[in-house]
Amino acid sequence: QVQLVESGGGLVQSGDSLRLSCVASGRTLNRYGMAWFRQVPGKEREFLAALSKSGGSAQSADSVAGRFTISTDSAKNTIYLQMISLKPEDTAVYYCAEKDMPYASGGIYYTGTDYDYWGQGTQVTVSS
């Protein structure tokens, strides 16, 4: 079984910082590409940031560049999304995702359908 568990969401004020965590249970992360997405009900799921397999490279979406940073702690099988200068527009459910890449050496994927496993999401609400 594959289990991804997000945590760290909550209610914050505009301008606050927040760090989300996603723990992958029962495996190591060295064969997975990893990413963060967010979604507002009724709208398309939005790509935020991704790491290539083994964390070799990282990429953030233009919409959050400079504010959101993805990182990993391989020893803890955990990926993080550090968010600063939060705005009300950032209010959404945030999801972590993994793409199984047993054969590919790397690459970053930006589309939700490219990913194989998803967490249940954590709510982030930013008040004005």
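(A) Spotlight on the pattern of salt bridges. Within the structure shown, the criterion is met by three salt bridges. Between Arg38 and Glu46 there is a salt bridge, and its shortest N-O distance comes to 2.9 Å. With a relative accessible area of 9%, Arg38 lands in the buried category. Put simply, Asp90 and Arg67 hold a salt bridge, and the shortest N to O gap is 2.9 Å. A residue pair is termed long-range when its members are at least 10 positions apart, and Asp90 in the loop between strand S8 (78-83) and strand S9 (92-100) and Arg67 in the loop between strand S6 (58-60) and strand S7 (68-73) qualify at 23 residues. For the pair Asp90 and Arg67, a shared accessibility class is recorded, and that class is buried. When salt bridges that share partners are traced, they join Arg38, Glu46, Arg67 and Asp90 into one network.

(B) Structural view of the pairing of S9. Buried residues dominate S9, accounting for eight of its nine residues. Pairing of strand S4 (residues 32-39) with S9, which is carried by eight bridges, proceeds in the antiparallel orientation. By the bridge assignment for S9, Tyr32 is matched with Asp100. In the sheet, S9 pairs with strand S11 (residues 122-127) via three bridges, with the strands oriented antiparallel. Opposite Ala92, over in S11, you have Val124 as the bridge partner. Inspection of the sheet shows S9 paired to strand S10 (residues 117-118) by two bridges, in the antiparallel sense. Residue Glu98 lies in a different strand from S10, and its bridge partner there is Tyr117.

(C) View of the state of the cysteines. Counted by the stated rule, this structure contains one disulfide. What pairs with Cys22 in a disulfide is Cys96, and their sulfur atoms sit 2.0 Å apart. Every disulfide takes its handedness from the sign of the S-S torsion; for Cys22 and Cys96 that torsion is 50 degrees, giving right-handed. Here Cys96 lies in strand S9 and Cys22 lies in strand S3 (residues 18-25), a separation of 74 residues in the sequence. In this pair, the class of Cys22 matches that of Cys96, namely buried.

Conventions we followed
Residues numbered from 1 in each chain as written. Predicted model: local features only at pLDDT ≥ 70, side-chain atom pairs only at ≥ 80, totals over all residues. Heavy atoms only, no water. Salt bridge = Lys/Arg side-chain N within 4 Å of Asp/Glu carboxyl O. Buried < 20%, exposed > 50% of the residue type's maximum accessible area, 1.4 Å probe, protein only. Helix = DSSP H or I, 4+ residues; strand = E, 2+ residues; numbered from the N terminus. Pairing = 2+ DSSP bridges. Disulfide = S-S within 2.5 Å.

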